[in-house]
Amino acid sequence: MDKFLFRRYLLFCISLFVNALGIAFITRAALGTSPITSVTYVLSMFTPFTIGEWTIMLNILFVVLEPFMMTRRDLKDDLRMFLLQIPISFCFGIFIDICMHHILFWLNPATYLHMISALLVGCVILAVGIALEVKANAAMMAGEYFVKVITRRFHGEFGYIKLGFDVTLVAIACILSLVFMSGIYGVREGTVIAALIVGPIVHFVSPYYRFLDQWINNRKPQERAHIKQPHNPVIITIAREYGSGGHLLGEMLSKELGIRLYDKEFIRMAAQRSGMDEGYIARNEQSIPSFWLKCILSKNSEQPIEGSLSSDDVLFVAESKIIQELAEKESCIIVGRCADYILKDYSKVLKIFCYSDIESAVSRCVSEYGIKREEAASEIRRINRNRIHHYEYYTGEKWGEPHHYHLMLNTGTIGLETACKLVRKIYENG
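Residues numbered from 1 in each chain as written. Predicted model: local features only at pLDDT ≥ 70, side-chain atom pairs only at ≥ 80, totals over all residues. Heavy atoms only, no water.

Draft legend 1. Layout of helix H7 (residues 142-154). Over its 13 residues, H7 runs 18 Å from end to end, which matches the ideal 18 Å to within 8%, given 1.5 Å per residue. In terms of burial, H7 is a largely internal element, 10 of the 13 residues being buried. Regarding H7, the residues found buried are Ala142, Gly143, Glu144, Tyr145, Phe146, Val147, Lys148, Val149, Ile150 and Thr151. Against helix H3 (51-65), helix H5 (79-103) and helix H8 (158-181) lie the buried residues of H7. Just downstream of H7 lies histidine 155, where phi reads positive at about 55°. (Helix = DSSP H or I, 4+ residues; strand = E, 2+ residues; numbered from the N terminus. Expected span 1.5 Å × (residues − 1). Buried < 20%, exposed > 50% of the residue type's maximum accessible area, 1.4 Å probe, protein only. Contact = heavy atoms within 4.5 Å.)

Draft legend 2. Highlighting the environment of leucine 132. Looking at the secondary structure, you find leucine 132 in helix H6 (residues 112-136). For the pair leucine 132 and aspartate 213, spaced 81 residues apart in sequence, the C-alpha to C-alpha distance is 12 Å. The residues contacting leucine 132, other than those within four sequence positions of it, are Leu11, Ile14, Ser15, Tyr209 and Leu212.

Draft legend 3. Quick peek at the packing of aromatic side chains. On inspection of all chains with the given rule, the structure shows 13 aromatic pairs. With 4.5 Å between their ring centres and 10° between their planes, phenylalanine 46 and phenylalanine 180 make a pair best called stacked. In this pair, phenylalanine 46 is assigned in helix H2 (residues 38-46) and phenylalanine 180 in helix H8, connecting sequence segments 134 residues apart. Look at phenylalanine 46 and you get partly exposed, because its relative accessible area is 26%. Here the aromatic rings of phenylalanine 316 and tyrosine 394 are separated by 4.3 Å at their centres, their planes lie at 10°, and the arrangement is stacked. One end of the pair, phenylalanine 316, is in helix H16 (residues 311-329); the other, tyrosine 394, is in helix H19 (residues 373-395), with 78 residues separating them in the sequence. Each member of the pair, phenylalanine 316 together with tyrosine 394, is buried. Put simply, the rings of Phe62, Phe146 and Phe165 pair up and form one aromatic cluster. Over the aromatic face of phenylalanine 154 sits the side chain of arginine 153, whose NZ or CZ is 5.2 Å from the ring centroid. (Phe/Tyr/Trp six-rings, centres within 6.5 Å; stacked < 30°, edge-to-face > 60°. Lys NZ or Arg CZ within 6 Å of the ring centre and 35° of its normal.)

Draft legend 4. Broad picture of the pairing of strand S5 (residues 407-410). The two faces of S5 differ: Leu407 and Leu409 on one face are buried, but Met408 and Asn410 on the other face are not. With four bridges joining them, strand S4 (residues 349-355) and S5 adopt parallel strand pairing. If you follow cysteine 354 over to S5, its bridge partner there is leucine 409. (Pairing = 2+ DSSP bridges.)

Draft legend 5. Focus on a nonpolar patch on the surface. A surface patch of nonpolar side chains, amounting to about 560 Å² of accessible area, comprises Leu79, Leu83, Ile86, Phe90, Ile94, Ile98 and Ile103. The residue isoleucine 86 is located in helix H5 in this model. (Patch = residues over 30% accessible without salt bridge, like charges linked within 9 Å, V, L, I, M, F, W, Y side chains within 5 Å. Areas by Shrake-Rupley, 256 points an atom, 1.4 Å probe, with all protein chains shown as cover. Salt bridge = Lys/Arg side-chain N within 4 Å of Asp/Glu carboxyl O.)

Draft legend 6. Geometry of the pattern of salt bridges. All told, the structure shown has 10 salt bridges when counted by the stated rule. Ionic pairing is found between lysine 135 and aspartate 213, a salt bridge with its closest N-O pair at 2.7 Å. Taken together, the residues lysine 135 in helix H6 and aspartate 213 in helix H10 (residues 213-216) connect sequence positions 78 residues apart. The network of salt bridges with common partners includes Glu256, Arg424 and Glu428.

Draft legend 7. Structural detail: the pairing of S4. With six of seven residues buried, S4 is to be regarded as a mostly interior element. Across six bridges, strand S1 (residues 235-240) lies against S4 in parallel orientation. What sits directly across from isoleucine 235, in S4, is valine 349.

Here it is, written out as structure tokens:
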């Protein structure tokens, strides 16, 4: 076995144990368990089987049901991931019982404050495990794979189907509890809290795992960048506040330097790459419906973004690949699309951020974009908020942070002509 693949599997096994420890913490906090283990926890309350044993049985049931919703081609193409669910289910169930009955046997919080504290610790541990599992990108647990199969079969959005799946499990747990124990047990406020905060915590901790990239990948980032840039093209990336004239600056630079500008062209290129409708991309690119909702729906998942079936994620991956391909073949100017982050490992990149005062931005929106003056300020805030959420969600970095760029341009003060001359000078001397 390739040593890097072995390392990924090792990392995945560690993440399984961390996930089990997080679930055990949440469960022993006595405020309910996580949604994914709600059914198995309730079943363990009135049967002789443990939560770990029920977890194995439920996961194997998912594995048995999956082929009925898969085509032969899907099963053949994904056979390794499908079969890996079986040993993973056994390991995960055993890990849960070890954590519940041997490692955390002492955890029996007596006060509500101690219960909440144990719950929050469990949520953090579970988030750390999920983020580590995503980084390993070696396999999937049965519950997650089951949702992926349903999503692919019915062409839905992964995040929303995952949410529906979790809600269904909680509802089944409540029904089982009412029928067999004449009350609702095992599902409490802790179940809701875990569902709401684990995803955002995953989003927060994920960037800290970047130190593992070199250990689990074949090449170092700089080696990969060197291979991809045989002719050393120079790329100018322009991130911008709305109304700062970033696109106009790109047009001016394109004429001055004789290199292509890529901005609105991405809509057509991304549509061809992803198979999405151009109208949908024009309405939805560089924005996400809600930062926290996106975290709850997607980051509470064990899927890496490359394997996601979310339209937002598919679009981001498609545009990222287009940006990398452009950077390999020609010098050009790229506006927006997190290009400064996507090309972070490329040596010949000039990263620019354009901003301006609100009065200048409003004036430009009125004169250049035809927006009514009384509506311009709110439109600027709305679009900038979308750009912030999109950038920070997909990069884990702060949008507009000066240390991420080579040049911060206040186009409200120096003007676009002066900004163009400055960038051109740096470009030609670089």
